[in-house]
Amino acid sequence: MSADLQTRRPDRGSSRRQFIAGTSSILGAAVIGSSATSAWAAPQRDSAVIEPGARVPALVIGSGYGGSVAALRLAQAGVDVHIVEMGMAWDTPGTDGKIFANTTKPDYRSFWLRTRTKQPLSNFLGFPLDKDVPRYTGILDAEEMGGIIVYQGRGVGGGSLVNGGMAVTPRRENFGAVLPSVDPDEMYDVYYPRANAALGVSTIDPAWFETAACYQYARVGRKHAERSGFPFVFVPDVYDWDYMKQEAAGTVPKSALAAEILYGNNYGKKTLQKTYLAQANATGRVTVSPLHRVTTVTPASAGGYLVGIEQLDTGGAVTATKTVTADRVFFAAGSVGTSKLLVRLKATGALPGLNGEVGKGWGENGNVMCGRANHLWDPTGALQSSIPTAGIDNWAAGGAFAEVAPLPTGIETFASFYLSITKNPHRAQFSWNAATGKVELNWQTSWKQPSIDMAKSIFDRINAKEGTIYRTDLFGAYKIWGDHLTYHPLGGAVLDRATDNYGRLHGHSGLYVVDGALIPGNASVNPFVTITALAERNIEEIIAADL
């Protein structure tokens, strides 16, 4: 869980791998040099949405990490790509002149087709935080299923729009439990470095961290961790740290220091809009259809696949239905979206050749949240950066890593807040319910108990050492643990089970999974760097062998 990438040996792979690794550094440098002060580093390609009857060489379902990697690398290989994205483009300012809503003031932009917000932290100081909002195709989906709420980003850029940007490479010794069929040498020598470079990953300036008022909360977290004997580590992120320093100096519009994160970040965060998707746009070979939802994929008699699509308005109503043909289809709708779609397509006979592993191996990355009430002599600061930058590492001894998270309320709370990732062993399965015509997930809330126990291995000890207690006002009345949710859904179309070892779906040539559905339930860290690196690995092989 170290914030630093593992020490890497020189690449011992083929000359092709060496060549691509070298060109990746050039591409990564170009991406990192792009502006971080606007919602898009480059405008979307000027084109109409996909038309009924169109034929495309490659259709990518979803524009998150895996989909963005696939689109960029296919385009660079000379393949025309169309991305179908269920969410909005998020390239037009709202009523307040900004594209994204503030975390402390959710509005119509905040949630996906809900009439009342469903915030991860639902209560504060005894008061409920949720409120009524207009139904709108907002940026954060709180999807309730099988005893859990799964938070997912909706829009061009997927989860990169709404996450905290913690860009963590797993410890090498943990990698075998994450992706047992993948060679760790190639991941740590080539694909993790490529992903980190292209995503613009960097670590906070430690000297600035020591004096920045906005990270008082993290320094308190460090003090408590170290006094209880836990390693405290800085964690890389995709925020523009120079921009944050300017925010603190008051020379640029505030973003992280204005509590922007959960419903998007207007300025400083390097989302996929500014990295992979900007590069894809620059190729001239990638087009995007926002507010389009794929409903079916079936083999076409003349080759390729017929793809059924619904076009949505901002109220969620279907305004048009379309059928297009794609030579190849890349499933990148996120762990939940990809898994649900594949399970339905198999069960309804649209893709009968998919194997019995589709829908299995789903997990929530062991996510559990909690808060601690500190003493008056440990203020955490009224000004808190919304970008977490450090954590407490007890993975080897207790099965938990705890992100020291912000509570950017604008007032002094004397509270420490944490999101833990744990070694939860439970895995759920998606299945088709023919009676309701829906895909269901069999997750059980009680399966969170191992995560709670692992998180307690950190916080019980800290509370005992500091003489502090857990907060009971954050997730409901007298409820300590936020065990009802996940930010990190993984699995459902597991690599080397539902697919081959590079994401090709069994039973139907020309269909691929390129997102977090490939990772069986737990990444041991925040997963988006691993999703990105795995997509880089897989698409390189697919381009070389299949195209």
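Please refer to the structure placed before this passage.
Quantities reported herein were computed from a predicted structural model and do not represent experimental measurements.

## Re empty space enclosed by the protein
Over the atoms, a rolled probe matching the size of one water molecule traces out where space is still vacant.
No. 1: Taken as a whole and judged by the stated rule, the model has three cavities of 30 Å³ or more.
No. 2: Within this model, the second largest cavity holds a volume of roughly 40 Å³.
No. 3: Around the second largest cavity, the lining residues are Tyr-217, Gln-384, Val-404, Ala-405, Leu-407, Ala-415, Ser-416 and Phe-417.
No. 4: Elements with a contribution of two residues or more to the lining of the second largest cavity: strand E14 (400-405) and strand E15 (415-422).
No. 5: In the lining of the second largest cavity, the residues fall into six nonpolar, two polar and no charged.

## Some words on helix H9 (residues 334-347)
No. 1: With 14 residues, H9 should reach 20 Å at 1.5 Å per residue; the first-to-last C-alpha distance of 20 Å fits that figure.
No. 2: Considered for burial, the residues of H9 that qualify are Ser-335, Val-336, Thr-338, Ser-339, Leu-341, Leu-342, Val-343 and Leu-345.

## A closer look at the pairing of E14
No. 1: Most of E14 is tucked away, with six of its six residues classed as buried.
No. 2: By the alternation rule, side chains of E14 split into Ala-400, Ala-402 and Val-404 and Phe-401, Glu-403 and Ala-405, which are all buried.
No. 3: The sheet contact formed by strand E13 (residues 390-394) and E14 spans four bridges and is antiparallel. By the bridge assignment for E14, Asp-393 is matched with Phe-401.

## Notes on unusual backbone geometry
No. 1: Backbone geometry at Trp-90 places phi at a positive 50 degrees, although glycine is not the residue there.
No. 2: Along the chain, the position of Trp-90 falls in the loop between strand E2 (81-84) and strand E3 (123-124).
No. 3: Even without a glycine there, the phi angle at Ser-524 is positive, about 70 degrees.
No. 4: Secondary-structure assignment places Ser-524 in the loop between strand E20 (511-513) and helix H12 (528-546).

Definitions and limits used
- Residues numbered from 1 in each chain as written.
- Predicted model: local features only at pLDDT ≥ 70, side-chain atom pairs only at ≥ 80, totals over all residues.
- Heavy atoms only, no water.
- 1 Å grid on protein atoms, 1.4 Å probe; cavity = no way out; pocket = protein on both sides within 12 Å on 5 of 7 lines; lining within 4 Å.
- Points joined across faces, edges and corners; volume = space filled by probe spheres on them.
- Helix = DSSP H or I, 4+ residues; strand = E, 2+ residues; numbered from the N terminus.
- Nonpolar A, V, L, I, M, F, W, Y, C, P; charged D, E, K, R; others polar.
- Expected span 1.5 Å × (residues − 1).
- Buried < 20%, exposed > 50% of the residue type's maximum accessible area, 1.4 Å probe, protein only.
- Pairing = 2+ DSSP bridges.

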